[in-house]
Amino acid sequence: MRQFEPWQIAEVPGPKKALLIPKPDVAAALLKRSRRPLMIVGSEAVEELAADEPVLEYLIQISTAGGIPMAATMGAAGRLIGRGVKLAGYMPAMEIAERLRDGSWRGFDGEGPYDLAVFVGLPYYMGWLILSGLKHFAKGLITMSLDRFYQPHATWSLPNIPRDEWRKTVKALAEALEEG
Amino acid sequence: MKDGIRIKVGELKSQFGIVKGLELSIGEIIEEKWEEALGPTPFPSIADLREWDLKILERYKPFYMPFCDLCCLCTMGKCDLTGDKRGACGIDMAGQQSRIVLLACCIGAATHTSHARHLLEHLISKYGRAYPLDVGGLSVEVEAPITRLVCGIRPETLGDLEAVLDYVEEQIVHLLSATHTGQEGAYKDFESKVFHAGMIDHLAMEVADIAQISALGLPKAEPNPPLIEIGLGVVDQAKPVILVVGHNVPPAADIMDYMEELGLQDGIELCGICCTAHDLARYNPKAKIIGPISWQLRFIRSGVPDVIVIDEQCIRSDALVEAMKVKAPLIATSEKDCQGLPDRTRDPPDEVVRDLVEGNTPGVLILDPRKVGEVAVKTALKVAPKRMKFKAIPDVEELIEGAKRCRRCDDCRRSCPNDLDIPSAMARAAQGDVEGLAWLLDQCIGCARCERTCPVGLPIHSFMVKAAEKEIKEERYKIRAGRGAIQDVEIRNVGSPIVLGEIPGVIAFVGCANYPRGGVEVAEMADEFAMRRYIVTATGCAAMSMAMYKDEGGKTIYEKYPGGFDAGGVSNVGSCISNAHIAGAAIKIASIFAKRRLRANYEEIADYILNRVGAVGVAWGAMSQKAASIASGFWRLGIPVIVGPHGSKYRRMLLGRMEDEESWKVYDARTGDKVYVGPTPEHLFYAAETKDEAMVTIAKLCMRPNDTPRGRAIKLTHYIDLHRRLYGVMPDDVYLYVRTKADIPITIKDEVLRLLEEKGWRETVIPDPTLLPRLIRVQKG
Ligand code: SF4
Ligand code: SF4
Ligand code: SF4
């Protein structure tokens, strides 16, 4: 399998495809450059909690070190709140997406529109569609997928990688942001 | 006669108010006896309700999520519509996406309409045009609420329904034509047409179901119809087995009749999959239901059915290929699904039987239901001893050997709609442990995409079925037969508590079986809301999935709760076309309980439902174009629909914005003032990511502006309670739903008051809500 093919074989996007995040440093640089980033965590990232090395811990580190507020979809919020994670807000995935599309949305904190949205943990096909909605209709918004599957409708995406490698990548990203 | 109606309808539209014209033209049969004054929109054209549509679209805005960047509908394309680009014809991406939604809804509406037409023609040829409609005897006076509302006529006989279908067919042609390159381009107008397609679809469903209820004697608004056996384990495999699949019941009914004529009702097993199974069980409770659409492959490959009879809709396109694998003859019975088979309608039945039994042909097309009955029964009797239940499921040794050949390439998983981790399960199976594969079957929708992609050709779905063999054999449950319409007296009893909010909501579980994590989630949701004393109703595959789980006491949901349309009741209304009765119940609440004028008075009734009837549709496994058009019929009526995560593939949501105060203002019909009522209901169409999210949202979307303080307090109690249980915290939007302090649930009053204070909450009034200025009683100025 080529690393930058859609994970679901038939989900072929069209002419405009996501740029590949070749290594964690690139993602770190993009995140640092953003003025108003937001991270959106979906249900499948929360399921990773059961793993020895839960990706969620690294995502929290990324959020803290990178100054990227963490929001959750309704599918993820309960478990995150229960774990004491401080969320910028939570909403159904569709509602967050629809607001991100709207350049006049002031964000969870009322401070103004986001310029970069990092998605992780949505079911692949839901992420696919939401990222497509944003690609076509959210002017000026950069999107990034940190899932372990290539998401071609994002502006930037990780390639398809095995779970272990994914955990390492997300960890390396957290470390890169911590190093400043 | 049909042409006459068409012309008169045209005249009526241009001369609204000249009621006489309509009464003369359509009236000969029907109208004179209906005293009710004609409302403003009889037989509405595709633009007649546009104003209403645009009003609701102003609040519930489309959010489009294209499947791909391209349009490839005409030869100027393909066109890249990315971002702000337009196609060669000038269409933009929003226009294109809404066009695709309209196409889907036209397909859905056409499918039900074609089904209705086919059924009606058959029933008229058998019983005559004058055969009276009867959907519930004296218990149901409003026999056809959607027809009365949309068309403004009151049908009394099968023949009267033809006029309704004439209108429906005409509207679908107009709607479909709007999708042609170089016609409609504005997304809002496509969306208005989507609503129209939905409304038209509901009419078609109503015609089909009330015709078959009346003529075939299906349960007539029966709150306690018989319990039917459902599951893969309910069939007696020692007998010849006939399987019927699809949606159009006459061929299956004729098989049943022929069996009875020969006294063979106990000698042959007749069972069904999908809606034909529902309707067959409504026709004769001796029929057995195997399960929803996703059970087709597992049951056929099990080798149990000796003859497979398909009619129309939701049948696997490879039904013949699969039937051939197990040497079961296939009988196609509909012009819409001929499967490439020879038409043997005019041949002597015994000749056809001989060819099927001797394997001269793998299947036949027979377009006469009566003949299907005879051929299917005779073939089953002869073929069963020859087939010896020949199956296409491997034995365990073959499975393990196969698993050893697996290359762990991931192609199966990457083809699986539910991203099931088949490679890991294969690795376990190669070690002799098949449990992983068995476990996957619960979440498998039976599509076989995995098999088609496997480079070493492993029959993966069959492996799962083998691995889960023991569980499958024990799959025996009970479902109540589809009851049909809701009685007027039931509506009178629940009308007030629903409208005032004291029954917290009506939840309809409908649609197909494209579930993200198995049907158990539907059963769990239905159980939760029935326990909370919501009114729970169901149709189609969802109604079946709900039945296929038992509580600790060994009872299915239908055994646990009563079948009435009442608080804490769980009713199976019937097949997909029976969805008309759910819309009909909402309409009847407005007309029977609240005495709103029904006749051709669409906007007012929809406005009433949107503002007062706390109903929510849940299509957790929605996959088809029919599900799209069914949902859009509910949207136009003001009933929100929640779909499962796969429903995001409908590519467009209709979402409200809770913080946009202006969009939540309605008129107070008493004063004419514009009043803020909070986001009730917040969305019209929306895909939830998880079952927990859906449950919390169902409770939230049941709130309506008209709830009394007592009713709102009850609804808030459920919303807050579910939110706390599933999320561990109070919802942070409670302040949007409290209008006066009397709305606050008493048990958590202090906590809520604190929250309200934090949010700077101010008390508002509870209006007599409407979106229609013409309903304001005291006109200002
Ligand atoms: S219909 Fe329009 S957008 Fe589509 S292919 Fe033709 S020209 Fe292009
Ligand atoms: S048959 Fe089941 S496992 Fe195979 S692709 Fe379809 S859903 Fe997935
Ligand atoms: S596609 Fe076939 S070979 Fe590849 S992992 Fe799946 S079962 Fe194994």
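Above this text you will find the structure in question.
Calculation criteria
Positions within a chain are numbered from 1, following the residues in the order the chain's sequence is written. Chains and ligands are labelled by the order in which they are written, letters from A for the one and numbers from 1 for the other. Reporting in this predicted model follows two pLDDT cut-offs: at least 70 for local features of residues, and 80 or more for side-chain atom pairs to be given and counted; totals over whole chains, interfaces and linings ignore these cut-offs and use all residues. To get the side-chain values, take all heavy atoms of the structure and skip hydrogens and water. Each helix is a run of H or I in the DSSP string that is no shorter than four residues. Each strand is a run of E no shorter than two, and both are numbered from the N terminus. The buried label goes to any residue with under 20% of its type's maximum accessible area, the exposed label to any with over 50%, and the partly exposed label to all in between, with areas taken from a 1.4 Å probe on protein chains only. Where accessible areas are quoted, they stem from the Shrake-Rupley method and a 1.4 Å probe; at the residue level, only the protein chains shown are allowed to cover. For this count, His and the chain ends are skipped, Lys and Arg are scored as positive, and Asp and Glu as negative. Charged side chains are reduced to one point each, which is NZ for Lys, CZ for Arg, CG for Asp and CD for Glu. Working rule for contacts: check all heavy atoms of both residues, and any pair within 4.5 Å makes them a contact. Put simply, buried area is how much 1.4 Å-probe accessible surface two parts lose in total, over both of them, once they are put together. Any Lys or Arg side-chain nitrogen located within 4 Å of an Asp or Glu carboxyl oxygen qualifies as a salt bridge. In protein, a polar contact requires one atom able to donate a hydrogen and another able to accept it; more generally it is a pair of N or O atoms within 3.5 Å, and residues adjacent in sequence count only if both atoms are side-chain atoms. Pairing between strands is defined by DSSP: at least two bridges between them are needed. By convention in these notes, a residue is near a molecule or strand provided one of its non-hydrogen atoms lies within 4 Å of it. What counts as a ring pair is set by centres within 6.5 Å for rings of Phe, Tyr and Trp (its six-membered ring), and what kind of pair is set by the plane angle: stacked under 30 degrees, edge-to-face over 60, tilted for all other angles. In this scheme, the term charge over a ring applies when either NZ of a lysine or CZ of an arginine sits within 6 Å of the ring centre and within 35 degrees of the ring normal. Side-chain classes are defined by residue name, with Ala, Val, Leu, Ile, Met, Phe, Trp, Tyr, Cys and Pro counting as nonpolar, Asp, Glu, Lys and Arg as charged, and the others, Gly among them, as polar. Working convention: axes come from line fits to C-alpha atoms, limited for helices to the stretch in contact. Angles between N-to-C directions cover 0 to 180 degrees. Roughly parallel covers angles under 35 degrees, roughly antiparallel covers those over 145, roughly perpendicular covers 65 to 115, and oblique covers all other angles. Each crossing gets its hand from how the near helix is turned against the far one by less than a right angle, where anticlockwise is left-handed and clockwise is right-handed. Sulfur atoms of two cysteines make up a disulfide when they are within 2.5 Å. Residue count minus one, scaled by 1.5 Å, sets the expected span of a helix. Throughout, bend refers to the angle between the axes fitted to the seven residues that end at a position and the seven residues that start at it. Residues enter a nonpolar core if they are buried and are Ala, Val, Leu, Ile, Met, Phe, Trp, Tyr or Cys, with the set joined through side-chain atoms within 4.5 Å.

On a plain count of helices and strands, chain A comes out with 7 helices and 7 strands. Shown N-terminal to C-terminal, the secondary structure of chain A runs as helices and strands in the order β-α-β-α-α-β-α-β-α-β-α-β-β-α. Looking at chain A as a whole, 64% of its 180 residues qualify as buried. Put simply, chain A shows about 6,900 Å² of open surface, and 51% of that area lies on carbon and sulfur atoms. Charge centroids of chain A, computed over 21 positive and 21 negative side chains, lie 6 Å from each other.

This brings us to the interface of chain B and chain A. How big an interface is tends to be stated in terms of the accessible area lost upon association of its parts. Facing 52 residues of chain B, the contacting portion of chain A comprises 50 residues. Each partner contributes to the roughly 4,000 Å² buried at the junction of chain B and chain A, and carbon and sulfur atoms together form 55% of this total. Taken together, chain B and chain A are joined by 7 salt bridges. Close ionic contact of R657 of chain B with D102 of chain A constitutes a salt bridge, the shortest N to O distance being 2.8 Å. Counting every contact that joins chain B to chain A gives 23 residue pairs in polar contact (both at pLDDT 80 or more).

Moving on: the sheet that holds strand 5 (residues 116-120) of chain A. All names here are of chain A. The 7 strands are arranged 1-7-6-5-2-3-4 in an open sheet whose pairing can be described as parallel. Each edge of the sheet is formed by a strand with only one pairing partner; in this case those strands are strand 1 (19-20) and strand 4 (89-91). Direction of pairing for strand 6 (residues 142-145) relative to strand 7 (residues 156-157): parallel, over a ladder of 2 bridges. When the bridges of strand 7 are listed, M144 appears paired with W156.

Another aspect to go through is the site of ligand 2. Ligand 2 sits among 13 residues. The nearest are C416, C444, C447, A448 and C450 of chain B. Taken together, the elements giving at least two residues each to the shell around ligand 2 come down to helix 18 (449-453) and helix 19 (460-467) of chain B.

Attention now goes to the side chain of S629 of chain B. Among the structural elements, S629 of chain B can be located in helix 27 (residues 625-636). Separated by 3.0 Å, the side chain of S629 of chain B and the backbone oxygen of K626 of chain B make a polar contact.

Glancing now at the packing of aromatic side chains. For any pair of aromatic rings, geometry is given as the distance between the ring centres together with the angle between the planes. Taken as a whole and assessed by the stated rule, the structure comprises 15 aromatic pairs over all chains. Look at W105 of chain A and F108 of chain A: their rings are 5.2 Å apart centre to centre, the planes differ by 80 degrees, and that puts the pair in the edge-to-face class. Seen in terms of ring centroids, F137 of chain A and Y64 of chain B are 6.2 Å apart; in terms of plane orientation they differ by 45 degrees. Their pairing is tilted. In this pair, F137 of chain A sits in helix 6 (residues 124-137) while Y64 of chain B sits in strand 1 (residues 61-64), so the two residues belong to two different chains. Relative accessible area serves as the criterion here: at 4%, Y64 of chain B is assigned to the buried category. Pairwise contacts between aromatic rings join F195, W635, Y650 and F685 of chain B into one cluster. Just above the ring of W34 of chain B sits the side chain of R148 of chain B; from NZ or CZ to the centre is 5.0 Å. The lysine or arginine in question, K327 of chain B, covers the ring of F390 of chain B, its NZ or CZ lying 4.1 Å from the ring centre.

Near ligand 1 you find C71, L73, C74, M76, G77, C79, G87, A88, C89, I91, R99 and T181 of chain B, and these make up its full shell. For the shell around ligand 1, the class distribution of residues is 8 nonpolar, 3 polar and 1 charged.

Let us look at the sheet that holds strand 19 (residues 674-676) of chain B. Taken in spatial order, the 3 strands of this open sheet run 19-18-21 (chain B), and their pairing is antiparallel. Looking along the sheet, the strands with just one partner apiece sit at the ends: strand 19 and strand 21 (769-770) of chain B.

Residues and elements named next belong to chain B. At a minimum axis distance of 8 Å, the contact between helix 14 (residues 396-405) and helix 16 (residues 422-430) shows a crossing angle of 120 degrees. By the angle between their axes, helix 14 is oblique relative to helix 16. Read as a crossing pair, helix 14 and helix 16 show a hand that is left-handed. Residues L399, I400, A403 and K404 of helix 14 form the contact with helix 16, whose participating residues are M426, A429 and A430. Tallied by class, the residues present in the contact of helix 14 with helix 16 amount to 6 nonpolar, no polar and 1 charged.

Right, let's get into the state of the cysteines. Per the counting criterion, the structure on display carries 0 disulfides over all chains. Here C106 of chain B is not cross-linked by a disulfide; its sulfur's nearest cysteine counterpart is in C105 of chain B, at 7.4 Å.

Moving on, we come to the environment of Y124 of chain A. Residue and element names in this part refer to chain A. Its place among the elements puts Y124 in helix 6. In contact with Y124, not counting residues within four places along its chain, are P6, W7, Q8, F149, Y150, Q151 and P152. Among the polar contacts listed, one links the side chain of Y124 to the backbone oxygen of Y150, at a separation of 2.6 Å.

In this section: the pairing of strand 4 (residues 227-230) of chain B. All names here are of chain B. Taking every second residue as pointing to the same face, the buried face of strand 4 carries I228 and I230, while none of L227 and E229 on the other face is buried. Here strand 4 runs beside strand 11 (residues 477-480); their pairing, made up of 4 bridges, is antiparallel. Directly across from I228, in strand 11, lies its bridge partner I479.

Each regular strand displays side chains that alternate between the two surfaces of the sheet. Residue and element names in this part refer to chain A. When you tally the buried positions in strand 2 (residues 37-41), you get 5 out of 5 residues, the bulk of the element. Residues P37, M39 and V41 line one face of strand 2 and the alternating positions L38 and I40 line the opposite face, and both faces are buried. Across 5 bridges, the pairing between strand 2 and strand 5 is parallel. Counterpart to M39 in the pairing with strand 5 is V118. Inspection of the sheet shows strand 2 paired to strand 3 (residues 70-73) by 3 bridges, in the parallel sense.

Residues and elements named next belong to chain B. Compared with an ideal rise of 1.5 Å per residue, which puts 19 residues at 27 Å, helix 13 (residues 369-387) spans 25 Å between its outermost C-alpha atoms and is within 8% of the ideal. The largest bend in helix 13 amounts to roughly 30 degrees and is located at L381, with the proline P385 lying one to four residues further along. A side-chain oxygen of the first residue of helix 13 lies 3.0 Å from the backbone nitrogen of R370; this N-cap is D368. Looking one or two residues past helix 13, M388 carries a phi angle of roughly 50 degrees, positive in sign.

The bulk of non-glycine residues show a negative phi, and the bulk of peptide bonds are trans. Residue and element names in this part refer to chain B. Backbone torsion omega between G77 and K78 reads 5 degrees, so that peptide bond is classified as cis. By secondary structure assignment, the location of K78 is in the loop between strand 2 (70-71) and strand 3 (79-80). Even without being a glycine, C274 presents a positive backbone phi close to 70 degrees. Relative to the helices and strands, C274 resides in the loop between strand 6 (269-273) and helix 9 (275-283). Judged by relative accessible area, which is 2%, C274 ranks as buried. Even without being a glycine, Q339 presents a positive backbone phi close to 55 degrees. Considering the arrangement of structural elements, one finds Q339 in the loop between strand 9 (330-332) and helix 12 (349-357). For Q339, a relative accessible area of 17% gives the class buried.

Residues and elements named next belong to chain B. Under the 1.5 Å per step criterion, the end-to-end length of helix 8 (residues 250-261) is 16 Å for 12 residues, consistent within 8% with the ideal 16 Å. With 9 of 12 residues buried, helix 8 is to be regarded as a mostly interior element. Within the sequence span of helix 8, burial applies to P250, P251, A252, A253, D254, I255, M256, Y258 and M259. Those residues of helix 8 that are buried lie in contact with helix 4 (93-127), strand 5 (241-245), strand 6, helix 9, strand 8 (307-310) and helix 13. Trailing helix 8 by a residue or two, G263 shows a phi angle of about 70 degrees, which is positive.

This part covers the nonpolar core. Residues L59, I62 and L100 of chain A together with F509 of chain B are the most contacted members of the largest nonpolar core, which totals 337 residues. If one sorts the elements of this core by residue count, helix 7 (residues 187-216) of chain B sits on top with 16 residues. Once residues within four sequence positions are removed from consideration, I62 of chain A is found in contact with L31, M39, G67, I68, L146, V170, L173, A174 and L177 of chain A.

Let's shift gears to the environment of C512 of chain B. Residue and element names in this part refer to chain B. Relative to the elements of secondary structure, C512 occurs in the loop between strand 12 (506-509) and helix 22 (520-531). In this structure, the C-alpha to C-alpha distance between C512 and R154, residues 358 residues apart in sequence, is 32 Å. Not counting the four nearest positions on each side in its chain, C512 is found in contact with C541, G621, A622, M623, S624 and A627.

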